[in-house]
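Read off the chains here:
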Amino acid sequence: MTTSTNGKFDRKPLIAGNWKMNMDHVQGITLLQKLAWTLADAEHDFSRVEVAVFPPFTDLRGVQTLTMGDDLPVHYGAQDLSAQDSGAYTGEISGQFLSRLGCSYVLVGHSERRALHHESDALLATKVAAAFRHSITPVLCVGEGLEIRQAGTHVEYTLEQLRGSLEGITAEQAATLVVAYEPVWAIGTGEVAGPEDAQELCAAIRTELAQLFGDETAAKVRILYGGSVKAANAASILAQRDVDGVLVGGASLDAAEFANIVRFEHHLVTD
Ligand SMILES: O=C[C@H](O)COP(=O)(O)O
C-alpha cells in the first residue's frame, strides 16, 4: 500500500453529501454555514479528508458566494447535468453553467436519475463526457437493486453499468474520475451494505477499471460507497481497502451528523 496521501489511505478520502431535493437556497446556506463552523471548531484538516456537498441547482449560486466570500475549504457540485452544452433543451442545465458556478463535481447516473428519469448507460456516457468537456469531475454512480442482489448477479450488473457509462473516455480522464457504488436497496432504507459488501464491489470496480484503463489509472480513481451511511457506520465502511469515501444522502442534511462522518478518522481503530 502506498502512503502518499494520509498514511492510512492510498487516495485522499472524499466525504460527499447529496442533499437531493432538500434545502431551498436559504436553508442551504444555513446548512453549509453550520457545517463549516462545526468542522472549523473541530479543527478538521481538509487537506487530509476532502468534503463536498451536492445541493439542488437553485442553491448553487448562494453556495458559491458563501464559499468564496468566507474562503471555505468545502467543494461543491451539482446533482446532474445535461449531455448538451447549450441550445433548445428546456429545463436542462449545461456543464458550462456549472463550471461558471465553480462546481468541482457533478453526480452522473445517481440511481434516482436512472430509475425516475430512465437514464441509460449510453446517455450517462455522454453526460460523463460533457462533465469532462467543462473540467468538472464526474461522480459516476453505479449499483444494483434488490432483485439483482438476491439473484447474486450484483457484481456483473454493476460492472456492466460501469463499462457502459464510461464508454469513450480516455485513461487520462479516467484517472480523475470518482465512482460511487450505491446498492439501490440500501438507499434511504436504513439497510446498509456491510463493510465487506462495500469492499467486494469497490474492489471489483477497481479491477474492472484496471482492465479498461490500466493499473496505474485504476489506482488513482476514488471509489465511494453510498447507502444509509451515518456517523455510526461510516468508520467501519471507510476502513475497507478500496473504499475511498462515502456519498451520504439523508445524514448530510444534519450538519452535526455529517461533520461526524467527515471526522470518521476519530472513530477508526489505528493499527
Ligand atoms: O446519494 C446518496 C445516496 O442515495 C444515499 O442516500 P442515503 O444516505 O439517504 O441512503
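Residues numbered from 1 in each chain as written. Predicted model: local features only at pLDDT ≥ 70, side-chain atom pairs only at ≥ 80, totals over all residues. Heavy atoms only, no water.

Per an unreviewed UniProt entry, the chain is named Triosephosphate isomerase, and its organism is Paeniglutamicibacter gangotriensis Lz1y. Checking UniProt for the chain, the heading Sequence similarities (unreviewed entry) contains the comment "Belongs to the triosephosphate isomerase family." (UniProt positions renumbered as here; feature names shortened; annotations may be inferred.)

**Student:** Give a detailed account of the site of the ligand, specifying residues and quantitative values.
**Tutor:** Around the ligand there are 14 residues in total, and Lys20, Glu182, Gly188, Ser228 and Gly250 lie nearest to it. The separation between an oxygen atom of the ligand and a polar side-chain atom of Glu182 is 3.4 Å. One nitrogen or oxygen atom from the main chain of Ser228 is found 2.8 Å from an oxygen atom belonging to the ligand. Here the ligand loses 95% of its free accessible area of 310 Å² to cover by the protein chains. Its residues placed into classes, the shell around the ligand shows five nonpolar, seven polar and two charged. (Near = heavy atom within 4 Å. Polar contact = N/O pair within 3.5 Å; in protein donor to acceptor, adjacent residues only side chain to side chain. Areas by Shrake-Rupley, 256 points an atom, 1.4 Å probe, with all protein chains shown as cover. Nonpolar A, V, L, I, M, F, W, Y, C, P; charged D, E, K, R; others polar.)

**Student:** For the UniProt feature "active site" (unreviewed entry) in the chain, give the residues involved together with the corresponding values.
**Tutor:** Cross-referencing UniProt, the feature "active site" (unreviewed entry) maps to His110 and Glu182 in the present numbering. These annotated residues cover 73 residues of sequence, and their C-alpha atoms all fall within 8.4 Å of one another, placing them together at a single site. With relative accessibility at 4%, the residue His110 sits in the buried group. Not counting chain neighbours up to four residues away, the residues in contact with His110 comprise Asn18, Lys20, Cys141 and Glu182. Among the polar contacts made by the side chain of His110, one reaches the main-chain amide nitrogen of Glu112 at a distance of 3.0 Å. Among the structural elements, Glu182 can be located in the loop between strand E6 (178-181) and helix H9 (195-213). There is a polar contact of 3.2 Å between the side chain of Glu182 and the side chain of His110. (Buried < 20%, exposed > 50% of the residue type's maximum accessible area, 1.4 Å probe, protein only. Contact = heavy atoms within 4.5 Å. Helix = DSSP H or I, 4+ residues; strand = E, 2+ residues; numbered from the N terminus.)

**Student:** Tell me what's going on with helix H12 (residues 255-262), and back it up with residues and numbers.
**Tutor:** Along H12, the residues classified as buried are Ala255, Phe258, Ala259, Ile261 and Val262. Down the axis of H12, the smallest arc covering the buried residues is 155°, so these residues share one side. Where the residues of H12 are buried, they touch strand E1 (14-18), helix H1 (25-41), strand E2 (50-54), helix H11 (231-238) and strand E8 (245-248). Sitting at the amino-terminal end of H12 is Asp254, which places a side-chain oxygen 3.0 Å from the backbone nitrogen of Ala256. (Arc of directions from axis to C-beta.)

**Student:** Report on the pattern of salt bridges, specifying residues and quantitative values.
**Tutor:** For the structure on display, the rule yields 18 salt bridges. For Lys20, the salt bridge identified is with Glu112, shortest N-O distance 2.8 Å. In this pair, Lys20 is assigned in the loop between E1 and H1 and Glu112 in helix H4 (residues 111-116), connecting sequence segments 92 residues apart. On the accessibility criterion, Glu112 (29% relative accessible area) is partly exposed. Among the salt bridges present, the one from Asp80 reaches Lys127, with a minimum N-O distance of 2.8 Å. Taken together, the positions of Asp80 in the loop between strand E3 (75-78) and helix H3 (95-100) and Lys127 in helix H5 (residues 121-133) put the pair 47 residues apart, joining distant regions of the chain. Accessibility assignment for this pair places Asp80 and Lys127 in one class, buried. Three or more residues are tied together by salt bridges with common partners; here these are Asp10, Arg11, Arg206, Arg241, Asp242 and Asp244. (Salt bridge = Lys/Arg side-chain N within 4 Å of Asp/Glu carboxyl O.)

**Student:** Which residues make up the sheet that holds strand E4 (residues 105-108), and what values do they have?
**Tutor:** Read around the closed barrel, eight strands run E1-E2-E3-E4-E5-E6-E7-E8, paired in parallel fashion. Strand-to-strand twist of the sheet, defined as the mean angle between neighbouring strand axes without regard to direction, takes the value 25°. Sheet topology places strand E7 (residues 222-226) next to E8; two bridges connect them, and they run parallel. Residue pairing across strands places Gly226 opposite Leu247, the latter belonging to E8. Docked against the sheet, helix H7 (residues 154-165) engages strand E5 (137-142) and E6, running at close to 150° with respect to E5. (Pairing = 2+ DSSP bridges. Axes fitted to C-alpha atoms, helices over the stretch in contact; angles between N-to-C directions.)

**Student:** Got a sec to walk through the packing of aromatic side chains? Specific residues and values, please.
**Tutor:** Going through the model one piece at a time under the given rule, you end up with two aromatic pairs. Plain terms: the ring middles of Phe54 and Tyr105 are 6.3 Å apart, the flat faces sit at 45° to each other, and that makes the pair tilted. On the criterion of sequence distance, the pair formed by Phe54 in strand E2 and Tyr105 in strand E4 is long-range, its members being 51 residues apart. The two residues Phe54 and Tyr105 agree in class, both being buried. Between Tyr181 and Tyr225 the ring centres are 6.3 Å apart and the planes differ by 55°, which places this aromatic pair in the tilted class. Here Tyr181, found in strand E6, pairs with Tyr225, found in strand E7; they are 44 residues apart in sequence, far enough to count as distant. The residues Tyr181 and Tyr225 share a single accessibility class, namely buried. (Phe/Tyr/Trp six-rings, centres within 6.5 Å; stacked < 30°, edge-to-face > 60°.)

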